[in-house]
Amino acid sequence: MKIIKASLANIEQLIPLFDAYRVFYKQPSDPLAARNFLVDRFKQKDSTIFLALDTETNGLGFTQLYPSFSSVRMQRTYILNDLFVTKTARGQGVGEALMLRAKEFAKQEGSRGLTLETDRDNPAQKLYERLGWVKDTKVFHYTWENK
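Remark on secondary structure: sheet strands pair via backbone hydrogen bonds, oriented parallel or antiparallel. Overall, mixed pairing links the 5 strands, which are arranged β1-β2-β3-β4-β5 in an open sheet. Only two strands of the sheet have a single neighbouring strand rather than two, namely β1 (2–5) and β5 (114–115). By the bridge criterion, 6 bridges tie strand β2 (residues 48–53) to strand β3 (residues 59–70) in an arrangement that is antiparallel. Within β3, the position partnered with alanine 52 by the bridge is glycine 61. The strands touched by helix α2 (residues 31–44) are β2 and β3; relative to β3, the strand with the most contacts, the crossing angle is about 50°. Packed on one face of the sheet, helix α3 (residues 94–108) meets β1, β2, β3, β4 (75–85) and β5 and runs near 165° to β4.

Next up on the list: helix α1 (residues 11–24). In this model α1 runs 20 Å from its N-terminal to its C-terminal C-alpha over 14 residues, within 8% of the 20 Å that 1.5 Å per residue would give. Those residues of α1 that fall on the buried side of the exposure criterion are Ile11, Gln13, Leu14, Ile15, Leu17, Phe18, Asp19 and Tyr21. Where α1 is buried, its residues contact α2, β2, β3 and β4. At the exit of α1 stands lysine 26, carrying a positive phi of roughly 65°.

What follows deals with the side chain of serine 47. Mapped onto the elements of the fold, serine 47 is located in the loop between α2 and β2. Among the polar contacts listed, one links the side chain of serine 47 to the side chain of glutamine 64, at a separation of 2.8 Å. Apart from the residues lying within four places of it in its own chain, the contact partners of serine 47 are Arg41, Gln64, Leu65, Tyr66 and Pro67.

What follows is about unusual backbone geometry. Positioned with a positive phi, threonine 57 is a non-glycine residue whose angle comes to about 60°. Here threonine 57 shows up in the loop between β2 and β3. Owing to a relative accessible area of 42%, threonine 57 belongs among the partly exposed residues under this scheme. A positive phi angle, near 50°, is found at methionine 74, a position not held by glycine. Along the chain, methionine 74 falls in the loop between β3 and β4. Under the relative-accessibility criterion, methionine 74 is labelled exposed at 74%.

Quick notes on the rules
- Along each chain, residue indices are assigned from 1 in the same order as the chain's sequence is written.
- For this predicted model, a pLDDT threshold of at least 70 governs which residues receive local features, and a threshold of 80 or more governs which side-chain atom pairs are given and counted, while totals over whole chains, interfaces and linings are taken from all residues.
- Only heavy atoms go into the side-chain values, all of them from the structure, while hydrogens and water stay out.
- A pair of strands is treated as paired once DSSP finds two or more bridges between them.
- For the purposes of this entry, the term helix denotes a DSSP run of H or I that reaches at least four residues, the term strand denotes a run of E that reaches at least two, and both are numbered from the N terminus.
- For this analysis, residues touch if any pair of their heavy atoms sits within 4.5 Å.
- To get an axis, fit a line to the C-alpha atoms, keeping to the stretch in contact for a helix; angles then go from 0 to 180 degrees between the N-to-C directions.
- In a helix, the anticipated span is given by 1.5 Å times the number of residues less one.
- Partly exposed residues are those whose accessible area sits between 20% and 50% of the maximum for their type, while under 20% is buried and over 50% is exposed, using a 1.4 Å probe and protein chains only.
- As used in this structure description, the phrase polar contact means that two N or O atoms lie within 3.5 Å; if the pair is within protein, one of them must be able to donate a hydrogen and the other to accept it, and residues adjacent in sequence are counted only when both atoms belong to side chains.

Any link to function would need more than the numbers given here.
This is the structure:
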């Protein structure tokens, strides 16, 4: 397995992964919309995607990071917004490798760090904690959605 920083050249490998990720979160499958969304991310340069590939360059999983800033600390930070590993690749260290690559990237960029949000029942929490992520118990997060 190798982890690469994805580019528009990897779009065909990313589309089925991104679509499956959305389906996992109970969204309807829509490969065309997935393509358009990912192409926009690359063209706008507003996210960084790392892609896990097997020895035959098949996609095993991905993580997508969005840049943000901490005004209080006056530093860049990244939101690890998406992490997905195919069913067949789970339990093989793909998620861990993607998260470690994301941490390495954040350090290289001189960022404050990474943050993520996950469902309360997501079993990946064990992985996050094993890799040194700390659950925030000091603040509340609120969301407003334009419906």
